[in-house]
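These are the residues of each chain, in order.
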Amino acid sequence: MYTNDMARKMSAAMNKVKMAIKAGGGHTVLSTGITGDDARMAKAVVDAGIKMLEPNHPAVALARGYKGVTTMHEAEQVRYGITVAQMAEVTQGVRNVVGKDIYITTGIPGGFTEILPMPLTDEDFLMMARAGADGLHTHKSSLYDLEELVKKAHKYGLCVDAYIGLPTDLHTFGISAEKPEEVAHLARQMEEIGTDMIGLMTGMSYEGIDAGQIPQVLKERLCAMVEAVKVPTLAEGGINIDNFRAFKDTGVNILVIGTAIDGMAGKAVAAAAREFLNI
């Protein structure tokens, strides 16, 4: 593999991220869910100003009705059944319509902590790079596994965003760290092994919270992560139209938003259908 070529590819990808953050005055949005895996919806949010997209295999499982799932919670249980080839096809389609200047990070089976073993081959990484992915959206649950993934992804010019979670999370979405000082220590370790962007799972992926509020302990954990590293930081899980400003106040660079937009889109489609039925 030509290392300088891949380094240049990664540098160009991270420049897209930095420009998106700069354009937003230190903050930006990574749009996922249907806006990441449906090319029509991806184009719609990009036309609105979004610069970062995330197709991922649980969202594709939900979009395709894989094994009859109708909620993201259900999709998390069967996501491993979506193939890397399917995610490459989705990624290529999104890239075709949004152009080269949008950052695309893709969640693939084996990049998360899966229920069944899903080993990733060199061909899988190469396939994603050729499909137009700038990076991989990952949720590995050990530092060792993450380091192995980062090495292989970088070999093929793919950046990696990875996450810190809680031991009490409904699904395993990252390496566990609870107290703010533990979060800071782990974030530094993740940065040291080459992780390109580091995120915190809020623990609110499938939980409602009061409008405009985020728990104090979450603020402390987010701030600890943000202050500990130099790479771009992300927050994911339960971010919605009522609380996103509270997240921005923590200094985190990138808000990962999927379910909130999915819900809005679903309501808009239902409302339109009712209008036609009333004619």
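The paragraphs below set out a description of the structure included in this document. (Residues numbered from 1 in each chain as written. Predicted model: local features only at pLDDT ≥ 70, side-chain atom pairs only at ≥ 80, totals over all residues. Heavy atoms only, no water.)

What about the side chain of Thr250?
Heads up, the rule is: Runs of H or I in DSSP of at least four residues are treated as helices and runs of E of at least two as strands, each being numbered from the N terminus. Partly exposed residues are those whose accessible area sits between 20% and 50% of the maximum for their type, while under 20% is buried and over 50% is exposed, using a 1.4 Å probe and protein chains only. In this analysis, two residues are considered to be in contact whenever any of their non-hydrogen atoms come within 4.5 Å of each other.
Residue position: Thr250 is located in the loop between helix H11 (244-248) and strand E9 (254-257). Thr250 gets classed as buried once you look at its relative accessible area, which sits at 9%. Dropping the residues within four chain positions of it, Thr250 is found in contact with Ile214, Lys219, Leu222, Cys223 and Val226.

So, the packing of helix H3 (residues 39-47) against helix H6 (residues 84-98)
Condition: Axis geometry follows a simple rule: fit a line to the C-alpha atoms, using only the stretch in contact for helices, then measure angles between N-to-C directions, giving values from 0 to 180 degrees. Working definition: roughly parallel below 35 degrees, roughly antiparallel above 145 degrees, roughly perpendicular at 65 to 115 degrees, and oblique for all remaining angles. Should the near helix be turned anticlockwise from the far one by less than a right angle, the crossing is termed left-handed; should it be turned clockwise, right-handed.
At a minimum axis distance of 9 Å, the contact between H3 and H6 shows a crossing angle of 40°. One way to sum up the angle between H3 and H6 is to call them oblique. Remark: the crossing between H3 and H6 carries right-handed chirality. Where H3 abuts H6, its residues Ala39, Ala42, Lys43 and Val46 lie against Gly93, Val94, Val97 and Val98.

Observations concerning the layout of surface pockets
Spelled out, the test is: Buriedness of a pocket was judged along seven lines, with at least five required to meet protein on both sides within 12 Å; pockets are open sets of points on a 1 Å grid over the protein atoms alone, cavities are sets where a 1.4 Å probe fits but cannot get out, and lining residues have an atom within 4 Å of a point. Grid points are joined across faces, edges and corners, and a volume is the space filled by probe spheres set on the points. Only Asp, Glu, Lys and Arg are considered charged, only Ala, Val, Leu, Ile, Met, Phe, Trp, Tyr, Cys and Pro nonpolar, and every remaining residue, Gly among them, polar.
Looking at the second largest pocket, its volume works out to about 320 Å³. What lines the second largest pocket is a set of 14 residues, and nearest its centre among them are Val29, Ile50, Ile241, Phe244 and Ile257. Where the lining of the second largest pocket is concerned, the elements lending two or more residues are strand E1 (28-31), H11, E9 and helix H12 (259-277). Per-element tally for the lining of the second largest pocket: the top contributor is H12, with three residues. By residue class, the composition of the lining of the second largest pocket is nine nonpolar, four polar and one charged.

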